[in-house]
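A look at the structure
One-letter residues, chain by chain:
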Amino acid sequence: MLLTVKVNGVKLDVYYTCQKTDDSYGTGDSPTQYEIDFNSIETLTDTANMLSIISEEVLMDIEQAVINFESEK
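Think of each chain on its own: its residues are numbered from 1, step by step along the sequence as written. Residue-level local features of this predicted model are given only where pLDDT is at least 70; pairs of side-chain atoms are given and counted only at 80 or more, and the full residue set underlies all totals for whole chains, interfaces and linings. Only heavy atoms go into the side-chain values, all of them from the structure, while hydrogens and water stay out.

Considering the nonpolar core
Test applied: Here, the term nonpolar core denotes a set of buried Ala, Val, Leu, Ile, Met, Phe, Trp, Tyr and Cys residues that are joined through side-chain atoms within 4.5 Å. Under the scheme applied here, a residue whose accessible area is under 20% of the maximum for its type counts as buried, over 50% as exposed, and between as partly exposed, the area being computed with a 1.4 Å probe on protein chains only. Helix and strand assignments follow DSSP, with helices taken as H or I runs no shorter than four residues and strands as E runs no shorter than two, numbered in order from the N terminus. Only heavy atoms enter the contact rule, under which two residues are in contact if any of them lie within 4.5 Å.
In this structure, Val14, Phe38, Ile41, Ile62 and Val66 are the most contacted members of the largest nonpolar core, which totals 16 residues. Elements supplying a minimum of two residues to this core: strand E1 (2–7), strand E2 (10–21), strand E3 (33–43) and helix H1 (56–71). Of the residues forming this core, the biggest block, five residues, is contributed by H1. Look past the residues within four positions of Val14 in its chain and what remains in contact with it is Met1, Leu2, Leu3, Val5, Phe38, Ser40, Ile41, Ile62 and Val66.

A word on the sheet that holds E3
Under the convention used in this document: Pairing between strands requires that DSSP locate at least two bridges from one strand to the other. Here an axis means a line fitted to C-alpha atoms, over the contact stretch when the element is a helix, while the angle between two N-to-C directions is reported on a 0 to 180 degree scale.
On the basis of which strands lie adjacent, the open sheet formed by three strands has the order E1-E2-E3 and antiparallel pairing. With partners counted over all chains shown, the strands left at the sheet margins are E1 and E3, one partner each. Mean inter-strand twist for the sheet, computed between neighbouring axes without regard to direction, equals 40 degrees. Here E2 runs beside E3; their pairing, made up of 10 bridges, is antiparallel. Bridging from a neighbouring strand, Cys18 pairs with Ile36 of E3. Across the sheet, H1 lies against E1, E2 and E3, angled at about 120 degrees from E3, the strand it touches most.

Details of the pairing of E2
Judged from the six bridges that link them, E1 and E2 form a sheet pairing that is antiparallel. For Val7, the partnering residue across the bridge sits in E2 and is Val10. The hairpin formed by E1 and E2 contains two residues between the paired strands, and Asn8 there has a positive phi angle of roughly 50 degrees.

Some thoughts on the pattern of salt bridges
Keep this limit in mind: One speaks of a salt bridge when a side-chain nitrogen belonging to Lys or Arg is within 4 Å of a carboxyl oxygen belonging to Asp or Glu.
If you walk through the whole model with that rule in mind, you get one salt bridge. A salt bridge links Lys73 to Glu70, with the nearest nitrogen and oxygen atoms 3.5 Å apart. By relative accessible area, which is 56% here, Lys73 ends up exposed.

Below you can see the structure in the form of structure tokens.
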């Protein structure tokens, strides 16, 4: 899947896979769980994979943007 996100004023193309599990604890009312695997994160003008140099904080922001997008589907 491809999603373009803007983090700290920089637009990034995020290629990922997402596994969505409804009622993840099987209780009937537990929240949906998202497992995000990033394949590549690139700038809009370059195809170099920046995944290995992006900070954990920025990865968490990107992951939240992906979860927000997936939850609206």
